[in-house]
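Secondary and tertiary structure notes
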Amino acid sequence: NAGVTQTPKFRVLKTGQSMTLLCAQDMNHEYMYWYRQDPGMGLRLIHYSVGEGTTAKGEVPDGYNVSRLKKQNFLLGLESAAPSQTSVYFCASSYSRLQYFGAGTRLSVL
Amino acid sequence: GESVGLHLPTLSVQEGDNSIINCAYSNSASDYFIWYKQESGKGPQFIIDIRSNMDKRQGQRVTVLLNKTVKHLSLQIAATQPGDSAVYFCAENWQSGGGADGLTFGKGTHLIIQP
């Protein structure tokens, strides 16, 4: 049972570099989400999607872009990474109110 | 702004004792709440949820209590075990205009089990 899979698990970037985080879910969920988690904090919503081809901004969207070209995939992009984007990123999916989370991607921006 | 918070960042209990983790929320319009457990290096895992039309809900060794009058939520873990060591988050559910159900998380309580 794969559930929600995030790749990569770890990444180190230099300031100004770009990268894409991939989230894949095999539960046929309509809704998908990207959160970030900083030390001592709860998760904060970056962007979300209510279905294939749709995206919307969450609480902290600046500096990130997303795409949902396929129902099972939700991509999070950083066009020009900044040290403030050093964080652990979690993807989640849901068909109702209960969200299922991936294991996270730990990103460091130097 | 509206947010969900937890009263204590750390809670230390003896193995075998009961644990009570508290959470205060401020959005009176929220009607669904979830407790998640997050172990080190892992994503949040669902423990139990409760809707606002209920005051109490029980699971296996866990009970969630909801007091809407004071906007307070608690998670009770019976006979705490070493495997219960984790950070516990409460999350508040809101409905977005697009139909997705976003979650607002509290900051978390780190439950430490002493032998």
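Before reading further, recall that the structure is shown in the block above.
For the structure given in this document, a descriptive report is provided here. Everything quoted here is computed from the prediction, not taken from an experiment.

As a further point, take the overall build of chain A. The helix and strand tally for chain A stands at zero helices and eleven strands. Helices and strands in chain A line up, N terminus first, as β-β-β-β-β-β-β-β-β-β-β. Taking 110 residues into account, the globule formula puts the C-alpha radius of gyration at 13 Å, and chain A, at 13 Å, falls close to it. By its C-alpha atoms, chain A is 35 × 25 × 25 Å across when sized along the principal axes. For chain A, the residues scored as buried account for 49% of the 110 residues in total. Within chain A, counting contacts between residues at least 6 apart in sequence, those at least 24 apart form 53% of the total. For chain A, the exposed area adds up to about 5,300 Å²; of that, 52% sits on carbon and sulfur atoms. In chain A, 11 side chains carry a positive charge and 7 a negative one; their mean positions are 5 Å apart.

A word on the overall build of chain B. For chain B, the count of helices and strands is zero helices and eleven strands. Ordered by position from N to C terminus, the α and β elements of chain B give β-β-β-β-β-β-β-β-β-β-β. When each of the 115 residues of chain B is scored for burial, the buried share is 43%. Look at the contacts in chain B between residues 6 or more apart in sequence, and 52% of them connect residues 24 or more apart.

Glancing now at the interface of chain B and chain A. On the side of chain A, 19 residues touch chain B, which itself brings 25 residues to the contact. On inspection of chain B and its partner chain A, the count reaches one salt bridge. With a shortest N-O distance of 2.6 Å, Asp31 of chain B and Arg97 of chain A are connected by a salt bridge. Here chain B and chain A share four residue pairs in polar contact (both at pLDDT 80 or more) between them. Its residues assigned to classes, the side of chain B that touches chain A shows ten nonpolar, ten polar and five charged.

Attention now moves to the packing of aromatic side chains. What the rule picks out here adds up to ten aromatic pairs over all chains. With 6.2 Å between their ring centres and 85° between their planes, Phe89 of chain B and Phe105 of chain B make a pair best called edge-to-face. Of this pair, Phe89 of chain B sits in strand β9 (residues 86-95) while Phe105 of chain B sits in strand β10 (residues 101-105), placing them 16 residues apart in sequence. Taken as a pair, Phe89 of chain B and Phe105 of chain B share a single burial class, namely buried. Aromatic rings pair up to connect Tyr33, Tyr35, Tyr48 and Phe101 of chain A together with Tyr36, Phe89 and Phe105 of chain B into one cluster.

Further remarks concern the sheet that holds strand β3 (residues 19-25) of chain A. Residue and element names in this part refer to chain A. Pairing within the open sheet is antiparallel, and its four strands lie in the order β1-β3-β8-β7. Edge strands, defined here as strands with exactly one partner in the open sheet, are β1 (4-7) and β7 (65-67). Taking each pair of neighbouring strands and ignoring which way they run, the sheet shows an average axis angle of 20°. As paired elements, β7 and strand β8 (residues 73-78) share three bridges and run antiparallel to each other. Bridge pairing in β8 places Val66 opposite Leu76.

Parameters at a glance
Residues numbered from 1 in each chain as written. Chains lettered and ligands numbered in written order. Predicted model: local features only at pLDDT ≥ 70, side-chain atom pairs only at ≥ 80, totals over all residues. Heavy atoms only, no water. Helix = DSSP H or I, 4+ residues; strand = E, 2+ residues; numbered from the N terminus. Rg over C-alpha atoms; globule rule 2.2 N^0.38 Å. Buried < 20%, exposed > 50% of the residue type's maximum accessible area, 1.4 Å probe, protein only. Contact = heavy atoms within 4.5 Å. Areas by Shrake-Rupley, 256 points an atom, 1.4 Å probe, with all protein chains shown as cover. Lys, Arg positive; Asp, Glu negative; His and termini not counted. Charge placed at Lys NZ, Arg CZ, Asp CG, Glu CD. Salt bridge = Lys/Arg side-chain N within 4 Å of Asp/Glu carboxyl O. Polar contact = N/O pair within 3.5 Å; in protein donor to acceptor, adjacent residues only side chain to side chain. Nonpolar A, V, L, I, M, F, W, Y, C, P; charged D, E, K, R; others polar. Phe/Tyr/Trp six-rings, centres within 6.5 Å; stacked < 30°, edge-to-face > 60°. Pairing = 2+ DSSP bridges. Axes fitted to C-alpha atoms, helices over the stretch in contact; angles between N-to-C directions.

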